[in-house]
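# Commentary on secondary and tertiary structure
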Amino acid sequence: MGTKSNFNSTSQSQRENTNNKDNNNTNVVLNVYDLTPLNNYLYWLGFGIFHSGIQVHGKEYGFGAHDFPSSGVFEVEPRKCPGFMYRTSVSLGQVNMHPSEFRTFIENMASEYHGDTYHLISKNCNHFTDDISGRLTGKRLPGWVNRLARIGSLCSCLLPDSIQVTTVKQLPEYHSEDEVTDSLSTATPGESMELDDEQAKCLLSPLATTEDVAFVKEAQVK
């Protein structure tokens, strides 16, 4: 009787472990947005000017620019990134990762992607989503998503001035004014980063609000 009881207990534990692993499975989805109506024509030629975000566990994560050496990774509702026109979604596979484990992962990513390091050609939102996809699933983004940056790296004069800044701009709300002052005081000598009171409170794109965008607080370096 004791052996049978132990067997049943072990079987139940194994089923619970399997169910827990299944519950942690989540789709990894790339959500792509248009930055210009010209994409309606360029898209069919394999080109376009795009923003992208990665959707995991029901939230979408993107990378945007601001003027401070702190996290530029932000969280929004899937397919609703403010300031951009949603175009399509691409499935990148699945990953087995508990939400809390993923939160740690994305906070570590945030420490590598500061808002003041954003660069249209070498470190843009599509580089960020490509990096996440590679780390989570081993897959890279479809080539057309970031093709313009690759072309621009060969000849930046091909990029019109009007698209040099196409990012969500917002001061991460978890930073106090004292922290911002400290960040500015550690900036490279010779760099001018003067802000008036309104700019110090919040740097936003015209179509974004503080309710739409939440910056991910980066992992603290130990």
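Just above, that's the structure.
Summary of the structure given here.

Calculation notes
- Residues numbered from 1 in each chain as written.
- Predicted model: local features only at pLDDT ≥ 70, side-chain atom pairs only at ≥ 80, totals over all residues.
- Heavy atoms only, no water.
- Helix = DSSP H or I, 4+ residues; strand = E, 2+ residues; numbered from the N terminus.
- Contact = heavy atoms within 4.5 Å.
- Areas by Shrake-Rupley, 256 points an atom, 1.4 Å probe, with all protein chains shown as cover.
- Disulfide = S-S within 2.5 Å.
- Buried < 20%, exposed > 50% of the residue type's maximum accessible area, 1.4 Å probe, protein only.
- Pairing = 2+ DSSP bridges.
- Phe/Tyr/Trp six-rings, centres within 6.5 Å; stacked < 30°, edge-to-face > 60°.
- Lys NZ or Arg CZ within 6 Å of the ring centre and 35° of its normal.
- Salt bridge = Lys/Arg side-chain N within 4 Å of Asp/Glu carboxyl O.
- Axes fitted to C-alpha atoms, helices over the stretch in contact; angles between N-to-C directions.
- Parallel < 35°, antiparallel > 145°, perpendicular 65-115°, else oblique.
- Left-handed = near helix turned anticlockwise from the far one by under 90°.
- Polar contact = N/O pair within 3.5 Å; in protein donor to acceptor, adjacent residues only side chain to side chain.

### Considering the overall build of the protein
- Looking only at helices and strands, one finds seven helices and six strands in the protein.
- The N-to-C order of helical and strand elements in the protein reads α-β-α-β-β-β-β-α-α-α-α-α-β.
- Look at the contacts in the protein between residues 6 or more apart in sequence, and 73% of them connect residues 24 or more apart.
- Here the protein displays about 12700 Å² of accessible surface, and carbon together with sulfur accounts for 50% of that area.

### Topic: the state of the cysteines
- On inspection of all chains with the given rule, the structure shows zero disulfides.
- In this structure Cys 81 is a free cysteine whose sulfur lies 8.6 Å from that of Cys 125, the closest cysteine sulfur available.

### Points about the pairing of strand 3 (residues 59-63)
- Where burial is concerned, most of strand 3 is hidden: four out of the five residues are buried.
- Turn length for the strand 2 (residues 50-56)-strand 3 hairpin, with the two strands adjacent in sequence and antiparallel, is two residues, and the turn residue His 57 shows positive phi of about 50°.
- By the bridge criterion, four bridges tie strand 3 to strand 4 (residues 73-76) in an arrangement that is antiparallel. Looking at the pairing, Phe 63 lines up with Val 73 of strand 4.

### Section: the packing of aromatic side chains
- Tallying each qualifying case throughout the model produces 10 aromatic pairs.
- When the centroid spacing of 5.9 Å and the interplanar angle of 75° are considered together, the rings of Tyr 33 and Tyr 86 count as edge-to-face. Of the two residues, Tyr 33 is situated in strand 1 (residues 25-34) and Tyr 86 in strand 5 (residues 85-96); the sequence distance between them amounts to 53 residues.
- An aromatic cluster of three or more residues is present, and its members are Phe 63, Tyr 113, Tyr 118 and Phe 128.
- Across from the ring centre of Tyr 113, 4.8 Å away, lies the NZ or CZ of Lys 123, which sits over that ring.

### Details of the pattern of salt bridges
- On inspection of all chains with the given rule, the structure shows seven salt bridges.
- For the salt bridge of Glu 75 with Arg 103, the shortest nitrogen-to-oxygen distance reads 2.9 Å. With a gap of 28 residues between them, Glu 75 in strand 4 and Arg 103 in helix 3 (residues 99-110) connect regions that are remote in the sequence.
- Residue classification places Arg 103 among the partly exposed positions, given a relative accessible area of 30%.
- For the salt bridge of Arg 140 with Asp 130, the shortest nitrogen-to-oxygen distance reads 2.8 Å. Taken together, the residues span a long stretch of sequence, with Arg 140 in the loop between helix 4 (125-137) and helix 5 (147-154) and Asp 130 in helix 4 at a distance of 10 residues.
- Within the structure, one salt-bridge network assembled from shared partners comprises Glu 75, Arg 103 and Glu 107.

### Side note on the sheet that holds strand 4
- Spatial ordering of the open sheet is given by 5-1-2-3-4-6, a layout of six strands whose pairing is antiparallel. Edge positions in the sheet fall to strand 5 and strand 6 (214-215), since each has one partner strand and no second.
- Bridging between strand 1 and strand 2 involves six bridges; their strand directions are antiparallel. By the bridge assignment for strand 2, Leu 30 is matched with Ile 54.
- In the packing of helix 3 onto the sheet, contacts are made with strand 2, strand 3 and strand 4, and the angle to strand 4 comes to roughly 135°.
- Together, strand 1, strand 2, strand 3, strand 4 and strand 5 form the strand contacts of helix 4, whose direction differs from that of strand 2 by roughly 30°.

### A short note on the packing of helix 3 against helix 4
- Look at helix 3 against helix 4: their axes get within 12 Å of each other, and the N-to-C directions meet at 140°. Looking at the two axes, helix 3 sits oblique to helix 4. Judged by the twist between their axes, the crossing of helix 3 over helix 4 is right-handed. On the side of helix 3, the interface is formed by Phe 102, Phe 105, Ile 106 and Met 109, while helix 4 contributes Phe 128, Asp 131, Ile 132, Arg 135 and Leu 136.

### Focus: the side chain of Asp 34
- Within the secondary structure layout, Asp 34 lies in strand 1.
- Judged by relative accessible area, Asp 34 falls into the buried class, the value being 7%.
- Of note is the side chain of Asp 34, whose polar atom sits 2.8 Å from the side chain of Arg 87.

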